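Observations on the three-dimensional arrangement
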Amino acid sequence: MFCIVLVTLLSACVLADVQPSYYSFSPSVGSGSGTSYSLTGEGRITAIRVWEVYSKYIYGFQLRYGHEWSLIAGKKVGDAQEMELFDNEAIIQVSGKYTSYLQSVVFITNRGRSLWAGQPAGRSFNMYPTHSVAELRFLSGRYTSVITSFQAHWGLVAST
């Protein structure tokens, strides 16, 4: 009897380990100084705002989940660039440039649309999920008067 229970538990552990992991995160870019932020919410991201000053830096981010806007990471300085996503549209890639600060950012969707903000100067970065069905779930990083570090977190949206 004990052997049957042990074999059953071992089999369950092995099968549980075989399930694919859809969560991943992209390594942080930037200097990482200042106050930390994490923009999260329930459900799928439905819009994004980015505050920039022309030929300068990225100053702030805001994500909308459903009809609820998240808190602002950073500051509302300069011009706000905004993109509303269509039904079943998701952000699947984030690219840009950075030095000690986030210089520019490009959010790309599964429909080929993109939101560009900032001045493309510095070192390049390209972030995307490790699993093809995952999408952007939340952002984290640090800011002072500008965004000093940026990290993308990827996963699946839970079905309701």
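Residues numbered from 1 in each chain as written. Predicted model: local features only at pLDDT ≥ 70, side-chain atom pairs only at ≥ 80, totals over all residues. Heavy atoms only, no water.

Overview of the pattern of salt bridges
For the structure shown, the criterion picks out 4 salt bridges. A salt bridge links Glu 135 to Arg 44; its shortest N-O distance comes to 2.7 Å. With a gap of 91 residues between them, Glu 135 in strand β13 (residues 135–143) and Arg 44 in the loop between β3 (35–39) and β4 (45–52) connect regions that are remote in the sequence. The buried category is assigned to Glu 135, whose relative accessible area is 5%. Given a relative accessible area of 28%, Arg 44 falls into the partly exposed group. Among the ionic pairs, Glu 84 bridges to Arg 64, the shortest N-O distance being 3.3 Å. (Salt bridge = Lys/Arg side-chain N within 4 Å of Asp/Glu carboxyl O. Helix = DSSP H or I, 4+ residues; strand = E, 2+ residues; numbered from the N terminus. Buried < 20%, exposed > 50% of the residue type's maximum accessible area, 1.4 Å probe, protein only.)

Regarding the side chain of Ser 149
Relative to the elements of secondary structure, Ser 149 occurs in strand β14 (residues 147–155). Once residues lying within four places of it in the same chain are set aside, the contact partners of Ser 149 are Ser 28, Val 29, Gly 30, Gly 32, Tyr 37, Ser 140, Gly 141 and Arg 142. (Contact = heavy atoms within 4.5 Å.)

Details of the side chain of Ser 70
Note on placement: Ser 70 falls in the loop between β6 (68–69) and β7 (73–74). By relative accessible area, which is 12% here, Ser 70 ends up buried.

Some points on the environment of Met 127
Positionally, Met 127 belongs in strand β12 (residues 123–127). For Met 127, a relative accessible area of 3% translates into the label buried. Separated by 20 residues in sequence, Met 127 and Phe 107 have C-alpha atoms that sit 9.7 Å apart.

Concerning the sheet that holds strand β11 (residues 114–118)
Taken together, the 4 strands give an open sheet; going across it, the order is β11-β10-β9-β12, and neighbouring strands pair in antiparallel fashion. The open sheet has two free edges, formed respectively by β11 and β12, since each of these has just one partner strand. Direction aside, neighbouring strands of the sheet carry axes that sit 10 degrees apart on average. With 7 bridges connecting them, strand β9 (residues 91–98) and strand β10 (residues 102–109) associate as antiparallel partners. The residue of β10 that forms the bridge with Lys 97 is Ser 104. (Pairing = 2+ DSSP bridges. Axes fitted to C-alpha atoms, helices over the stretch in contact; angles between N-to-C directions.)

Purely geometric numbers; function is a separate question.
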